[in-house]
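Residue strings, one per chain:
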Amino acid sequence: MDDNQLPEKIAAARRDAEGLKDRIKQRKEALADATLQEMARDVEPLPRIVMKARRTLKGHLAKIYSMHWSTDKRHVVSASQDGKLIVWDAYSSNKVHAIPLRSSWVMTCAYSPSGNLVACGGLDNICSIYSLRSREGPARPARELSAHTGYLSCCRFINDRQILTSSGDKSCMLWDLDAGVKIEEFSDHANDVMSISLGPNPNVFVSGACDSTAKVWDIRSKRCVQTFVGHESDVNAVQFFPNGDAFATGSDDASCRLFDLRADCELASFSHESILCGITSIDFSVSGRLLFGGYDDYNCNVWDTLKGERVGILQAHENRVSCLGVAGDGMALCTGSWDATLRVWA
Amino acid sequence: MNARRTQNLSEAKLNRLLEYNQRLRELLDIPRTTVSEASTRLIDHCKNTRDPMVPSVWGPIDKKDDPFAPTSGSGCCSVM
């Protein structure tokens, strides 16, 4: 290539980029014909949501960093930096399994949809898989998935053969559990990826990262198909709306936001001038009408997704709420905290 | 030598910009719906899905259907 023309070509490419970005902005503005709040003005507002802590799950000896419901809506797995994964029966509060971990610096855990497997990982950069139903039981990991060069921030089973992970190494990975190897790598974030969510469409997942963005990925094409900006700080949590058309995010900027995949824009922001701390975890109620956020100020705030208003506060923990999840039948919310307990609310 | 290195860096920069513009072109053309249509879908889903946590819309949960209902105090132990 004639090196005399390079500076001109680079300048032209830059101009093209600005032009394309403007056209994208115009297309999106043309579609912003209303707001979610306006469209929901005829929806009956909700009364104050009152939920009580019906169960307190005690047993961990140190901060709890993660929890995940089983699809049986009854069992919960939790991970604590006391170096244990505990599987609980939320109905009775009994512990069903207490799995000692090789590394106590655990940051995430997950239950497989079948209920056969649980996974965890953290500062060891490894995703460890334990079998709950094999003859040997969960005494030792069935698989140790090693390829990330940074901490494991989140993991989610697609099924008993595949798991998705996110990492402080800025990437997400898809793994084959039978072979114990990485199948795919998803790299586009500019900073640590903190959270992933799988929706009803098995081919799509969303990730949130410390680069303040959330990205939607297509597993088959292995590409980032959409990027959502708006947050002003790390996105710590992402969760799909139940129908998979939208997702919520929780951030260190003290706001939760709702983004829509088909409209390709932010639909709502959930914040209050009195809330100044970050959100660690989020989940929707089964219809999507309620959005629960776990906050650094020890509380869980309940938001009306359609109206953008706070409709409840759940207070019981004595330290940061680090994780939460709504059971599959929508009957209960489980919160986990640095105070070493989990609470089940209904 | 320096001139060659500078040219290599500039070519790499140009290639990165051209790839970026290709992604922008793809983003320009993704199908998008209006905010009103997207909102309607979310509102409809909320309206059409029974939610035990929203009793003002769906009614209270029957005690017999609620696995977390406070028990009638029949004892603190259960046979495993």
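Residues numbered from 1 in each chain as written. Chains lettered and ligands numbered in written order. Predicted model: local features only at pLDDT ≥ 70, side-chain atom pairs only at ≥ 80, totals over all residues. Heavy atoms only, no water.

Looking up chain B in an unreviewed UniProt entry gives the name Guanine nucleotide-binding protein subunit gamma, with the organism given as Phascolomyces articulosus. The UniProt entry for chain B carries the following comment under Subunit (unreviewed entry): "G proteins are composed of 3 units, alpha, beta and gamma." Regarding chain B, the relevant UniProt record gives this comment under Subcellular location (unreviewed entry): "Membrane". (UniProt positions renumbered as here; feature names shortened; annotations may be inferred.)

Chain A appears in an unreviewed UniProt entry as Guanine nucleotide-binding protein subunit beta from Phascolomyces articulosus.

Visitor: Go over the packing of aromatic side chains, please, and point to the residues and values.
Guide: Residues and elements named next belong to chain A. Applying the stated criterion across every chain, the model contains 11 aromatic pairs over all chains. Measuring from ring centre to ring centre gives 5.8 Å for Tyr65 and Trp338, while their planes differ by 40°; the resulting arrangement is tilted. One end of the pair, Tyr65, is in strand 2 (residues 64-69); the other, Trp338, is in the loop between strand 27 (333-337) and strand 28 (342-345), and 273 residues separate them in sequence. Ring plane angle 70° and centroid distance 5.8 Å describe the contact between Phe186 and Trp217, whose orientation is recorded as edge-to-face. One end of the pair, Phe186, is in strand 13 (residues 181-187); the other, Trp217, is in strand 16 (residues 214-218), with 31 residues separating them in the sequence. Here Phe186 and Trp217 have matching classes, each one buried. Feature note: the residues Phe228, Phe240, Phe247 and Phe259 constitute an aromatic cluster, connected by ring pairs. (Phe/Tyr/Trp six-rings, centres within 6.5 Å; stacked < 30°, edge-to-face > 60°. Helix = DSSP H or I, 4+ residues; strand = E, 2+ residues; numbered from the N terminus. Buried < 20%, exposed > 50% of the residue type's maximum accessible area, 1.4 Å probe, protein only.)

Visitor: Go over the sheet that holds strand 24 (residues 299-304) of chain A, please, and point to the residues and values.
Guide: Residues and elements named next belong to chain A. Reading across the sheet, the four strands line up as 22-23-24-25 and stay open at both edges, with antiparallel pairing between neighbours. Two strands close off the open sheet at either side, each with one partner strand: strand 22 (279-284) and strand 25 (310-315). Between one strand axis and the next, the sheet turns by 20° as a mean value, whatever way the strands run. As defined by bridge partners, strand 23 (residues 290-295) adjoins strand 24 across five bridges and the pair is classed as antiparallel. From the neighbouring strand, Leu290 faces strand 24, where its bridge partner is Asp304. (Pairing = 2+ DSSP bridges. Axes fitted to C-alpha atoms, helices over the stretch in contact; angles between N-to-C directions.)

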